[in-house]
Structure formats: structure tokens, C-alpha cells
Amino acid sequence: MLAALVLALGMLGWPALAPAHEAGQEQRLPTIGAAPDFALTSQDGKEVRLEDFRGKVVAVTFIYTSCPDVCPMLTDKMARVQDELG
């Protein structure tokens, strides 16, 4: 069964962070709207769509099984978030 927090392969186009002040003008991060619906395959081989989680908190991230450094830390942090959110 899938938890409300989805640990899945996803890609968001995050812009590079600009300096806070450039030529005396404050820079703001862009507003990111709702993600379009997409489908992924769960660890159980079932199709999961973003639409299945409308109205719930969803986090989508990269977690590779063969990543030796950052991925285990990210997996641990995401698991802790899931535990705290319930």
C-alpha cells in the first residue's frame, strides 16, 4: 500500500538561484504552480498517478538504488518526514 508521501522518480525544473541583490534590485524566486498529472510505477509494479493523491501532501524526489553518497541520506530524511506526517 502506498503512503500519502510518495517517494518516486520525479523531475522538477528548478531555476538556478540568483544573488539576492543584483544591481540594487531584489530578486524573487518564481512562483511554482500545480504539477501536471503524471504516472509512475510503484515498488509493487502498480501504476500510480499524481491525481490519486489530490488533496494530500506529496513529495517527489530522485532516489537511486546505486547512489553511494547523497541518496541514502535523502532516503533517511524522507522516511523521517513520512513518519512524522503519519
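Residues numbered from 1 in each chain as written. Predicted model: local features only at pLDDT ≥ 70, side-chain atom pairs only at ≥ 80, totals over all residues. Heavy atoms only, no water.

A. Broad picture of the overall build of the protein. Each helix and strand counted, the protein has one helix and four strands in total. Among the 86 residues that make up the protein, the fraction classed as buried is 14%. If you take every contact in the protein between residues at least 6 apart in sequence, the share linking residues at least 24 apart comes to 52%. Total accessible area computed for the protein in this model is approximately 7300 Å², and 58% of it derives from carbon and sulfur atoms. (Helix = DSSP H or I, 4+ residues; strand = E, 2+ residues; numbered from the N terminus. Buried < 20%, exposed > 50% of the residue type's maximum accessible area, 1.4 Å probe, protein only. Contact = heavy atoms within 4.5 Å. Areas by Shrake-Rupley, 256 points an atom, 1.4 Å probe, with all protein chains shown as cover.)

B. Layout of the confidence of the model for the protein. Taken residue by residue, the protein gives an average pLDDT of 74. The fraction at 70 or more is 72%. Across residues 1–18 the pLDDT falls below 50, and counting only partners more than four positions away or on other chains, this stretch makes 40 contacts in the model. (pLDDT = per-residue confidence, 0-100.)

C. Here's a closer look at the pattern of salt bridges. Scanning the entire structure with this criterion turns up four salt bridges. Of the charged contacts in the structure, one is a salt bridge between E47 and R49, with a shortest N-O distance of 3.7 Å. You can call R49 partly exposed: its relative accessible area is 31%. Here R54 ties to E51 by a salt bridge, and the two come within 3.0 Å at their closest N and O atoms. The class for R54 is partly exposed, based on a relative accessible area of 43%. (Salt bridge = Lys/Arg side-chain N within 4 Å of Asp/Glu carboxyl O.)

D. Structural context of a nonpolar patch on the surface. Taken together, V57, V81 and L85 make up a surface patch of nonpolar side chains, about 280 Å² in accessible area. Mapped onto the elements, L85 comes out in helix α1 (residues 70–85). Judged by relative accessible area, which is 56%, L85 ranks as exposed. (Patch = residues over 30% accessible without salt bridge, like charges linked within 9 Å, V, L, I, M, F, W, Y side chains within 5 Å.)

E. Region of interest: α1. Its 16 residues give α1 an end-to-end C-alpha distance of 23 Å, which sits within 8% of 22 Å, the value for a rise of 1.5 Å per residue. Immediately beyond the C-terminal end of α1, within one or two residues, lies G86, with a positive phi of roughly 85°. (Expected span 1.5 Å × (residues − 1).)

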